[in-house]
Amino acid sequence: MTRILKIGGSILTDKNQELAARQGEITRVAREIASHPEDVVLVHGAGSFGHIPAKKYRLPQEFSRQGLRVTHSGVARLCEMVVEALSQAGVDCLPVHPLSCLLLLDGRIDRFFIEPIKEMLEGGIMPVLHGDVAMDVAGKAAIVSGDQLVAYLAKVLQAEVVAVGSNVDGVLFSGRPLPRITREELKQMGSAIGGSAGVDVTGGMRGKLLELLDLADLGIDSLIFNAGKEGNIARALKGEWVGTRIGRTN
Ligand code: IPE
């Protein structure tokens, strides 16, 4: 039973300050994941390690070789911290950098060599991926968000739990988290559901929702929940619907 968990960069870093890790939160998140580590693929966001350099070098609109390198090294550094914290918490894990194993076509994943991920799962190792820069066969280079990775992996691995942790209680409408949302309902709510509080080049809450609604269309429900609240990660991994469930229109 594969479970895909994303932890947003807003939890692990201070999104407004470059290269600002929240070490206490990284440790806490790692401990919670360690309570249910079986068959989990972890994807983490880039936070200030990715969004700030990406914005500075105008990625993905401009092709900046230096921007690609600086942004990738930032997110790879954060990934190393996450892997280290998970190892300290007793989880066998390995980093998987999307830049090196996938290709985009117009910003969307076109080819993805996921066999190493499957082998890791087979061998009891947790693959740790992250939002990254990636080469794009159409436009030289772009950004692949953790949310796009979650939706893609959930589809090809036929995941049974798909949980996206952010720093809010789910999809908020008039300040309150919705228990469930479908594509139809999102259309009716229009712009009431918005972006992100910090620097974000990948679309904030709306970007997240659109990825997960595509997944729901394929019959895979997912969850947007608050990973900043202690205990929620463990609950989400157990398959509890904590937060907002993203489902298919009936
Ligand atoms: C963004 O990844 C990747 C880069 C900016 C390089 P995400 O979109 O998954 O990151 P968070 O969760 O918003 O921080």
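Here the structure is a predicted model, which is why all the values come from computation and not from measurement. (Residues numbered from 1 in each chain as written. Predicted model: local features only at pLDDT ≥ 70, side-chain atom pairs only at ≥ 80, totals over all residues. Heavy atoms only, no water.)

### Re the side chain of K6
Position of K6 among the secondary structure elements: in strand β1 (residues 3-7). K6 gets classed as buried once you look at its relative accessible area, which sits at 6%. Contacts of K6, omitting those with residues within four sequence positions, involve V43, H44, G45, G146, D147, V150, A163, V164, G165 and K208. (Helix = DSSP H or I, 4+ residues; strand = E, 2+ residues; numbered from the N terminus. Buried < 20%, exposed > 50% of the residue type's maximum accessible area, 1.4 Å probe, protein only. Contact = heavy atoms within 4.5 Å.)

### A closer look at empty space enclosed by the protein
All chains considered together, the criterion is met by one cavity of 30 Å³ or more. Empty space within the largest cavity amounts to approximately 50 Å³. Lining of the largest cavity is provided by I7, L12, I26, V29, A30, I33, L42, H44, V82 and L86. For the lining of the largest cavity, the elements supplying multiple residues, two or more each, are α2 (23-34), β2 (40-44) and α4 (65-88). The dominant element in the lining of the largest cavity, judged by the number of residues it contributes, is α2, at four residues. Among the residues forming the lining of the largest cavity, the class breakdown is nine nonpolar, one polar and no charged. (1 Å grid on protein atoms, 1.4 Å probe; cavity = no way out; pocket = protein on both sides within 12 Å on 5 of 7 lines; lining within 4 Å. Points joined across faces, edges and corners; volume = space filled by probe spheres on them. Nonpolar A, V, L, I, M, F, W, Y, C, P; charged D, E, K, R; others polar.)

### What about α4?
Across its 24 residues, α4 extends 35 Å between first and last C-alpha, which sits within 8% of the 34 Å expected from 1.5 Å per residue. Looking one or two residues past α4, G90 carries a phi angle of roughly 95 degrees, positive in sign. (Expected span 1.5 Å × (residues − 1).)

### As for the environment of M120
Tracing the chain through its elements places M120 in helix α6 (residues 115-122). Residue classification places M120 among the buried residues on the basis of a relative accessible area of 12%. For the pair M120 and E240, spaced 120 residues apart in sequence, the C-alpha to C-alpha distance is 25 Å.

### Observations regarding the state of the cysteines
The tally for this structure, following the rule as stated, stands at zero disulfides. Considering cysteine sulfurs only, C93 is the nearest to C79, which forms no disulfide, with 8.5 Å between them. C79 sits in the buried class, given a relative accessible area of 0%. Cysteine C101 is unpaired, with the sulfur of C79 as its nearest cysteine sulfur at 11 Å. Residue classification places C101 among the buried positions, given a relative accessible area of 17%. (Disulfide = S-S within 2.5 Å.)

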